[in-house]
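# Inside the fold
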Amino acid sequence: MTLTDLMTILPLAVLVAWTTALLLVDLWIPKDRKGITALLAAFGLALTLGLSLARGQQPRQAFGGMVVVDGFAVFLDVIFLASGLASIALAHDYLKRMNIVRGEYYSLLLYAISGMMLMTYAYDLIIVFLALELLSIPLYILSGFVRLNLRSEEAALKYFLLGTFSSGLVLYGIALIFAATARTDLPGILAAVELAPANLTMFLVGGALLLVGFSFKGAIVPFHEWAPDVYQGAPSSVTAFMSVGAKAAGFAALMRVFVVAFPSLSTDLTPVLWGLAAVTMVFGNIVALAQTNLKRLLAYSSIAQSGYLMMAFVPYGQGIVLSDTIAAMLFFLVGYALTTLGAWAVVIAVEKAEGRGLELQDYAGLGRKYPLLGAAMTVFMLSFIGAPPTLGFWGKFYLFRTAVEGGFTSLALLGLVASIFSAYYYLRVVVMMFMRPGEPEARRDPWLVLTAGVSALAVVGFSLVPGSLLNLALQAVLKLL
Amino acid sequence: MDGYPLFSLVPWTVFLPVIGLLLNLLVGKRLGEKGIGLIASLASGLAFVVSVLLAIALKGHPEAVTIPLAEWITVGEFNLSWAFRVDTLSVTMMLIVTGVGTLIHLYATGYMHNDVRHNGDPERYRRFFVFFNLFIVAMLILVSADNYLMLFVGWEGVGLCSYLLIGFWFEKGADGIGNARAAKKAFIVNRIGDFGLLIAIFLLFWNFGTLEFDGIFAKAAQAAPALLLAITLFMLLGVTGKSAQLPLYVWLPDAMAGPTPVSALIHAATMVTAGVYLVARSSPLYIQAPAAQMTVAWVGALTALLAATIAIGQYDIKKVLAYSTISQLGFMVAAVGMGAFVAGMFHLATHAFFKALLFLAAGSVILGMEHGEEHAAQGHSPGSHELDPQDMRNMGGLQGRMRTTFWVYLVGALALAGIAPLAGFFSKDEILAAAFQQTPAIFVLLIISAFFTAFYMGRQLFLVFFGKARSAAAEHARENPAIITVPLIILAVLSVLGGALNLPGVYTLEHWLEKSLAHVPKVEFTAWVALLSLAVALAGLFLAWLVYSQRRMPFKDTDPLARYLGGLFTAVYNKWWVDELYQAVIVRPYRRLAEFLAQPVDVGLIDGIANGLGSVSRSIAEQLRRFENGYVRSYALTILVGVAVIMAFLLFR
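Along each chain, numbering runs from 1 in the same order as the chain's sequence is written. Ligands are numbered from 1 and chains lettered from A, in the order in which they are written. Local features in this predicted model are restricted to residues whose pLDDT is 70 or higher, and side-chain atom pairs enter the listing and the counts only when it is 80 or higher, whereas totals over whole chains, interfaces and linings include all residues. Excluding hydrogens and water, the side-chain values take into account all heavy atoms of the structure.

## Here we look at unusual backbone geometry
For the record, the criterion: Strands are runs of DSSP state E lasting at least 2 residues, helices are runs of H or I lasting at least 4, and numbering of each runs from the N terminus.
In this chain, V221(A) is followed by P222(A) through a cis amide linkage whose omega measures 5°. You can see P222(A) is positioned in the loop between α9 (200-217) and α10 (226-233). A positive phi angle is found at F63(A), which is not glycine, with a value near 50°. Considering the arrangement of structural elements, one finds F63(A) in the loop between β1 (60-62) and β2 (67-69). The backbone phi angle of A244(B) is positive, close to 55°, even though this residue is not glycine.

## Observations concerning a positive patch on the surface
All names here are of chain B. Stated formally: The patches reported here contain residues having more than 30% relative accessible area and no salt bridge. Joining distances are 9 Å for like charges and 5 Å for nonpolar side chains (Val, Leu, Ile, Met, Phe, Trp, Tyr). Only the protein chains shown count as covering a residue, and every accessible area follows the Shrake-Rupley method with a 1.4 Å probe. Think of a salt bridge as a Lys or Arg side-chain nitrogen and an Asp or Glu carboxyl oxygen that are within 4 Å of each other. Here the positive residues are Lys and Arg and the negative ones are Asp and Glu; neither His nor the chain ends is included. A single reference atom marks each charge: NZ on Lys, CZ on Arg, CG on Asp, CD on Glu. Exposure categories follow from relative accessible area, calculated using a 1.4 Å probe and restricted to protein chains: below 20% of the type maximum is buried, above 50% is exposed, and the middle band is partly exposed.
Together, R181, K184, R588, R591 and R592 give the surface a local cluster of positive charge. Listed by contribution, the elements that provide at least two residues to the positive patch are α5 (178-208) and α24 (578-624). The biggest single contributor to the positive patch is α24, with three residues. Tracing the sequence through the fold places R181 in helix α5. Of the residues examined, R181 reaches a relative accessible area of 46% and is grouped as partly exposed.

## Things to note about the nonpolar core
Using the following cut-off: By nonpolar core is meant a set of buried Ala, Val, Leu, Ile, Met, Phe, Trp, Tyr and Cys residues that side-chain atoms within 4.5 Å join together. Only heavy atoms enter the contact rule, under which two residues are in contact if any of them lie within 4.5 Å.
Core analysis: the largest hydrophobic core is formed by 398 residues, its most contacted members being F262(A) and Y148(B). Here this core takes 22 residues from helix α14 (residues 319-350) of chain A, the largest share from any one element. Contacts of Y148(B), omitting those with residues within four sequence positions, involve I201(B), L204(B), L211(B), F213(B), I216(B), F217(B), M235(B), L278(B), S282(B) and L285(B). Grouped together as the second largest cluster of nonpolar side chains are 22 residues, A301(B), F331(B), F443(B) and V529(B) included.

## What to know about the interface of chain B and chain A
How we decide: Buried area is a sum: the accessible area each of two parts loses on coming together, probed at 1.4 Å, counted once for each and added. Whenever two N or O atoms come within 3.5 Å, that pair is a polar contact, provided that in protein one can donate a hydrogen and the other can accept it, and provided that, for residues adjacent in sequence, both atoms are side-chain atoms.
At the junction of the two partners, chain B supplies 33 residues and chain A supplies 48 residues. Here chain B meets chain A over a buried area of about 3400 Å², counting both sides, of which 71% is carbon and sulfur. On the chain B side of the interface with chain A, the three residues burying the most area are R618(B), E628(B) and I639(B), jointly 18% of the side's total. Run the count over chain B and chain A and you get zero salt bridges. In this structure, the connection of chain B to chain A is made through nine residue pairs in polar contact (both at pLDDT 80 or more). Looking at the side of chain B that touches chain A, the elements with two or more residues in it are β1 (65-75), α24 and α25 (632-652) of chain B. Top contributing element to the side of chain B that touches chain A by residue count: α25(B), with 14 residues.

Rendered as structure tokens:
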């Protein structure tokens, strides 16, 4: 390990060091002053964000080719760090209200973000696995953060058991790939396959197992079943972060590993990817129709959104549309992150202790009593549907377009039909808020309102200049190693 | 743009009013009327300052400059930006919009103070100025756009603001819904025009692969003539909607339901001239399609004549001005149709001055009448009769009680009638000269229209300001405070001096604009055309004096003109029954079709399908959610089954 290596991954190194220090410092912060911990955590994230942005998009390898930092990684890191900042804003008041104020919350959150960042840097299957565990374990703990609450503990245990199961699949896949090629670094795998078509079956099975493992993280049907239970049981501020961060990290790893190391598998895997995307879109949207609990509704919505994201992944082996499709995925993730965090901010504002205030009926009259919250939530629902003038519209537009470009018109059509179905359950929230009488009570914590407001403004504002955002994404992809 | 950093200021013309409206939206409630009016006027005023700076910069660097702001739509090879175009044409429009706009903002701070109280809802003061600034934003986007799509955004934006402001008192008007109806009519009629413009934009994109002005105009000469004809004619449909030309002009008279500053700013000075601007902007396209040019010119000339005849038979002070606006827009459209783009733009500028002046002065008259009405009601039995303060039959003799308003109104009316050396004389004369050189038939139509123009303005002057007061309200009318009269005086000065923009022989505006227009034919100043138009104008005024000044018109008597014209007057009074015709031919059959589609088709068929689909998918959903049983072992099993299926597919296919 040289100084250059450390400098390359400086943002990550700083974040990990800061988090570890925070864990210690927190011991001396009295229980009624945990706002300081939150502030320190936010500062650490902001510092890392600044460092990430400052280091530019020039691709650089480090640690003997184990990690790489490029535009793709930086773009995703910005999403992770910004989501982290937002979820601190969401958590601050929520933890107090739910009576679960404990300082390690923030350290765990920051560790999870470190794992996600490492995931985007990973250029070796061993690092991929390390990152996967680093991001998963804090999330298992955070899911069960409402100690003594059965739902939360059940969620944590389920997430942990099934997560371990899927980690096992990933590890098994890595082992098979190593057996087939004798390499674990991504370029090495590619080179080995090109040189001598070793044991192709073993290689294929290994690749498929990796796909399954990451599909689990991204909540792709049929590996999604943990998601609704965990999303519902975990504290809402954790769910918000998880549904953005863990999903984006899963897709990032999928993209990086498959694009760099497994282009030779694309002909075999394309029908599988097609099927996963189609099933996820249809299943997620249809089951969401029957949900009346907001947290579960958003969970299925997030599964459906994974289906759209998967669509970007289907043509990953086609060199011509590759940069377009990755850019479309990054673009969609920005819109998805903003929309999701904003929507969860509203959910958290309405939620009450002991899991009350989460049913659809609890939103009746919200739009009349709190016009700003209602308007923001409407923006988020429209963005989820993919209706203009929101970022969600452009996200889907670019995704569907790359699907058509890659020759998967049927998939794009399916996505379109699924989106139309999704309008039913998203708009039901809007109908509830504005057209049903009710006397809801919402908590208007300034940080919550700020998160919801900024997200809503960004969702609408960016939709006016989608070209600029897409160009950023395209530039990030250009620097992909 | 090296060395001309001033150009990069252009986005601020849009940002400043945006800031203004956001400020008013967020903190306006706490600021009170003074603060709201100040912020809104300042936002518009600063945008004017920026426009002046741009004009100064253009003097040194007259070539068109494009200032990109942000990427907008990026799809494969197709790129479209939010980009501003700074050239002499766009800056001319910016100067008019922000300059006249600022004066009207100032006036409105005073006018709306009274209006919201008269209508009984002072809370709406803030809303008015938010809409007003929003309009400035949309209008500036329209004129400063560098591509047709951004222009269309502005085009729709001004339409929206027009709708919102016509229906500003949406619960007022005939049957408590009259104003809302007027707003709806404006919106729907404009929608027909917008549809045409949209088709034109589709065709442009389809054939040129871009929507940027420069890219399209560079390839215009190579395009198929039939295609260019289609594009320009569809564009003309958009023009007839926005600029109130035949056959879509019917919305503008109803639009007078909006508060008077709205009529002045949107429905006289700026928005309705967007169509003229569009044709001037697209001059490279129109020049390639002579048939379309001819159509445009004829539409303009016929509209000018038709509207001028209707204006003669109206009693509402604002309706007269509305038809006059339609008629004058007809002059401009005819001009740009004949390729006399400079003449059209010149008339657009001077018309913005004197028509804004006339509307604002009419507003001042209405305020004076309302005041007189309230004053009279105090002395006598309360609520003796509801009196229409806009009906000219109730006025008369106001020159003695409203001195300033009278003088500025006189200036505006004479400028509109085309009396030398006021602004309207020069600009109208340039259009007439162009028509005389190109198409004598159009020249004849326009000269007749000019005669009617002078006549109905004379009629209005005599009915409103001379003779004896014909109602108690008119007797007790009084002059308005300075915040109302000062903008009027400024506009009156502009209406006097506006002709200097393009004096024959000097042609400042022509040399200014020729850098932006495709082809500017030389319009010669023809002395006898000028003399003829002056003679016609004087004749019209004289005839009005003969009819309306000799015998005093008693209260609610028939118009003296009706005695000479008989049935013809009834026809113009009823606006040639065009509204009734549209009602019978288009609106009613359309309604019947809509009712048919709504009842059996939609409720029966469509809803049946939709509800059926809905209940089917819900029951599927209920079935599917059973998989979600909460047991970890079954979840793990599902994962395993998933893995097995994928492996089986991969290995044994």
